[in-house]
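# Reading the structure
If you want the building blocks of each chain, they are given just below.
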Amino acid sequence: MGIRIEKVDLPGIGVRHDLVTHGGRRISVVSHRDGDRDLGLFDVDDPDACRDIIPLSDDEAAALADVLGASVMLSRLTSLTDDTIGLFSEQISLPTDSPFLNRVLGDTKARTRTHASIVAIMRDGAVIPSPTPTEPLRAGDVIVVVGTREGIDGVARLLANGPG
């Protein structure tokens with residue numbers, strides 16, 4: 001199913017973008033000319049009646065975008081591996097005593113050592129997609145790995161124990 005987004009010019013105010021969900025619910029983002037933005041939630045029974053308006057600061061809008069982006073990216077990745085026999089994806093929490101803590105991702109040589117790929121790092125509610133070898137690994141990071149079962153298990157052991 002295609003996603004329906006409607007754009008409405010609001011003279012003197014800005015622009016409203018309406019997303020109509022599969023269930024018929026309407027969610028709007030009003031982008032004001034002065035840079036402010038509001039999230040609008042519409043009534044189920046009357047799709048023309050705005051039920052609630054939530055003003056969002058720049059930081060709140062960015063955090064909401066990060067959360068939504070992270071969940072969408074992970075669900076797409078999971079659905080990709082669901083259809084591929086022998087290919088798995090998994091989220092691995094970086095152990096607090098990992099020998100790679102506060103070192104760069106490239107130091108792990110994970111792909112060379114395990115034949116599994118680190119495709120993202122989730123940190124503080126945000127996703128770092130396709131991290132480069134220079135990306136530092138931090139406490140609280142969740143590492144997203146794609147590979148065979150054996151390869152993913154190898155990455156988990158590597159992150160926990162080092163290359164030995």
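Higher on the page you've got the structure.
Only a predicted model underlies this, so the values are computations on that prediction, with no experimental measurement involved. (Residues numbered from 1 in each chain as written. Predicted model: local features only at pLDDT ≥ 70, side-chain atom pairs only at ≥ 80, totals over all residues. Heavy atoms only, no water.)

## Quick word on the pattern of salt bridges
One pass over the structure, following the stated rule, counts 9 salt bridges. Among the ionic pairs, Glu6 bridges to Arg26, the shortest N-O distance being 2.9 Å. Separated by 20 residues along the polypeptide, Glu6 in strand 1 (residues 4-10) and Arg26 in strand 3 (residues 26-32) bring together distant segments of the chain. Put simply, Glu90 and Arg149 hold a salt bridge, and the shortest N to O gap is 2.6 Å. Residue Glu90 is found in strand 6 (residues 88-93), and its partner Arg149 is found in helix 3 (residues 149-161); the two are separated by 59 residues along the sequence. (Salt bridge = Lys/Arg side-chain N within 4 Å of Asp/Glu carboxyl O. Helix = DSSP H or I, 4+ residues; strand = E, 2+ residues; numbered from the N terminus.)

## Section: the pairing of strand 2 (residues 14-20)
Two faces belong to every sheet, and in a regular strand the side chains alternate between them. Judged from the 7 bridges that link them, strand 1 and strand 2 form a sheet pairing that is antiparallel. Bridge pairing in strand 2 links Leu10 to Gly14. Linking strand 1 to strand 2, which pair antiparallel, is a turn of 3 residues; within it Gly12 sits at a positive phi near 80 degrees. Bridge analysis of strand 2 against strand 3 gives 7 bridges, and the strand direction is antiparallel. Paired with Leu19 across the bridge in strand 3 is Ile27. Here strand 2 hands over to strand 3 after 5 residues, with Gly24 in that stretch at a positive phi of 90 degrees. (Pairing = 2+ DSSP bridges.)

## Here we look at the sheet that holds strand 2
By way of backbone hydrogen bonds, the strands of a sheet pair with one another, either parallel or antiparallel. What the 5 strands build is an open sheet, ordered 1-2-3-4-5; its pairing is antiparallel. Looking along the sheet, the strands with just one partner apiece sit at the ends: strand 1 and strand 5 (50-56). Strand-to-strand twist across the sheet, computed as the mean angle between neighbouring axes with direction ignored, equals 20 degrees. One ladder, built from 6 bridges, connects strand 4 (residues 37-42) with strand 5; its direction is antiparallel. Counterpart to Leu39 in the pairing with strand 5 is Ile54. (Axes fitted to C-alpha atoms, helices over the stretch in contact; angles between N-to-C directions.)

## With respect to the packing of aromatic side chains
This structure, assessed with the given rule, holds 0 aromatic pairs. For Arg149, the ring lying beneath its charged end belongs to Phe88, and the centroid distance is 5.8 Å. (Phe/Tyr/Trp six-rings, centres within 6.5 Å; stacked < 30°, edge-to-face > 60°. Lys NZ or Arg CZ within 6 Å of the ring centre and 35° of its normal.)

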